[in-house]
Amino acid sequence: MKPVVDIISLGGTIAMKGKNATSGVVPTLTADDLVEAVPQLNEIAVIRTHSHCNVPSAHLTFEDIVTVAAEIRRLAADGSAGVVITQGTDTIEETAYALDLLLELDIPVVVTGAMRNPTRPGADGPANLLSAVLVACHLNARSLGSLVVFNDEVHAARFVRKTHTSNPSTFSSGPAGPIGWLAEDRVRIVLKPDRLPAIEPVNFDKAIKVAIIKLGIGDDGTLIDAAVATGFRGLVIEGLGGGHTSVSAANALERACAKLPVILASRTGAGETLTCTYGFPGSEIDLLSKGLIAAGRLDGCSARVLLTLLLYSENSSIEQLHNEFLVRGTH
Ligand code: ASP
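Treat the numbers as computed from the prediction; the structure is a model and nothing was measured. (Residues numbered from 1 in each chain as written. Predicted model: local features only at pLDDT ≥ 70, side-chain atom pairs only at ≥ 80, totals over all residues. Heavy atoms only, no water.)

Participant: What's the story with the sheet that holds strand β12 (residues 186–189) in this structure? I'm lost.
Facilitator: The pairing of strands in a sheet comes from backbone hydrogen bonds and takes either a parallel or an antiparallel form. Across the sheet, which stays open at both edges, the 8 strands sit in the order β4-β1-β5-β6-β7-β8-β11-β12 with mixed pairing between neighbours. Looking at the sheet topology across the chains shown, the edges are occupied by β4 (46–55) and β12. Going across the sheet, the axis of each strand differs from the next one's by a mean of 20°, ignoring polarity. Strands β5 (82–86), β6 (109–112) and β7 (146–150) of the sheet are contacted by helix α4 (residues 92–102), whose axis makes an angle of about 150° with β7. Relative to β5, helix α5 (residues 125–136) is tilted by about 155°, and along the sheet it contacts β1 (4–11), β4, β5, β6, β7, β8 (153–156), β11 (180–183) and β12. (Pairing = 2+ DSSP bridges. Helix = DSSP H or I, 4+ residues; strand = E, 2+ residues; numbered from the N terminus. Axes fitted to C-alpha atoms, helices over the stretch in contact; angles between N-to-C directions. Contact = heavy atoms within 4.5 Å.)

Participant: Mind showing me how you'd approach the nonpolar core here?
Facilitator: Core analysis: the largest hydrophobic core is formed by 49 residues, its most contacted members being Ile72, Ile85, Leu99, Leu309 and Phe325. Considering each element in turn, this core owes the most residues, 8 residues, to helix α9 (residues 300–312). In this view, Phe325 contacts Ile263, Ile293, Ala294, Ala295, Leu298, Ala303, Leu306, Leu307, Leu310 and Thr330; residues no more than four positions away in its chain are not counted. Listed in part, the 31 residues of the second largest apolar core include Ile7, Val38, Val149 and Leu182. (Core = buried A, V, L, I, M, F, W, Y, C linked by side-chain atoms within 4.5 Å. Buried < 20%, exposed > 50% of the residue type's maximum accessible area, 1.4 Å probe, protein only.)

Participant: Hey, could you run me through the pattern of salt bridges in this one?
Facilitator: Should the charged atoms of two oppositely charged side chains come close, the side chains can pair. Scanning the model with the defined rule gives 12 salt bridges in all. Close ionic contact of Asp6 with Arg48 constitutes a salt bridge, the shortest N to O distance being 2.8 Å. Placement of Asp6 in strand β1 and of Arg48 in strand β4 is noted, with a sequence separation of 42 residues between them. Residue class for Asp6 comes out buried when judged on its relative accessible area of 0%. (Salt bridge = Lys/Arg side-chain N within 4 Å of Asp/Glu carboxyl O.)

Participant: Would you explain the pairing of strand β15 (residues 262–266) in this entry?
Facilitator: Regular strands place side chains that alternate from one sheet face to the opposite one. Taking burial as the measure, the 5 residues of β15 include 5 buried ones, the bulk of the element. Both faces of β15 are covered, namely the face carrying Val262, Leu264 and Ser266 and the face carrying Ile263 and Ala265. The sheet contact formed by strand β14 (residues 234–239) and β15 spans 5 bridges and is parallel. Bridged to Gly239 within β15 is Ser266.

Participant: Would you take a moment to explain the pairing of β11 for this structure?
Facilitator: Burial along β11 is one-sided: Gly180 and Leu182 are buried, while Trp181 and Ala183, pointing the other way, are not. The sheet contact formed by β8 and β11 spans 2 bridges and is antiparallel. Note on β11: the bridge partner recorded for Glu153 is Trp181. Pairing geometry for β11 and β12, over 4 bridges, is antiparallel. If you follow Leu182 over to β12, its bridge partner there is Val187. Connecting β11 to the next strand, β12, in antiparallel fashion are 2 residues, including Glu184 with a positive phi near 45°.

Participant: Would you explain the sheet that holds β14 in this entry?
Facilitator: If you trace the 4 strands from one edge of the open sheet to the other, you get β13-β14-β15-β16, paired in parallel fashion. Strands with a single pairing partner mark the edges of an open sheet, and in this sheet they are β13 (210–214) and β16 (293–294). Looking at chain direction, β15 and β16 are connected through 2 bridges and run parallel. Of the residues in β16, the one forming a bridge with Ile263 is Ile293. Packing against the sheet, helix α6 (residues 222–229) makes contact with β13 and β14, and its axis sits at approximately 175° to β13.

Printed below as a string of structure tokens:
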């Protein structure tokens, strides 16, 4: 008997077409259209399609993600062997990581998309969709958390990042590397990330917003004060190097920490935030002593996703946030 695979489409380049040669492409195709373009899918699985929305991924919201997570739980209970989400690549790393944090299912949850829209020579959407469905119904892909399948590679959501504006090999898992690959429609899973408990969003509230501020040379902390004054509930700082700021920004962060949780990530895009190397004002030792929470290996965008979901949950005291970032920032 063929497995049942559910495809939930959210839009993105994989679903985009233009009205004419100069208008630019916009989300147009539904989940049914995407499936129709890849007849092999029906040989592999019984496909059920769902169109949650049809937007560029820059328009997706945390509400969309929480709703899609609930839908995936419902489909799992309704006999799904695996779920594929198609969406824009611009925010795949955030959606996939959020689903990884929210779900604790055994079935594969696979996010994919395309870098070249269907009107371009070499469009990669159909190949990515086929690979995603192959992974979604593969037994070895179960219990791995959310995955991103793209360009014949299988990535764990917690590590993957978009690293290039246009190249189909844009997705990379930094120091961890992909956990598997596809070859001639064979799925290979060679690494198994350990699972962490899911986050239960009990208090989904659009007013809970987390700001992210990337610091540069000469930053005087004005934006940090503004973020606190304008009602953000949390703040993520992408500091310089191992997690450093100017003296003025460090003072603004000390003021911010008295009002809301502040996470210290690095703008470098690789490595962990340091904890005990530098001792100057605005160093990681100074900032952590002022109450900032180290993001560990999480980059700013992932830290913002994690903090937002934790603020929706019951695990949102400062002590719990420290613990959560300590664990999730090192796995
Ligand atoms: N460039 C994007 C994509 O690859 C557009 C989006 O994220 O919706 O799908």
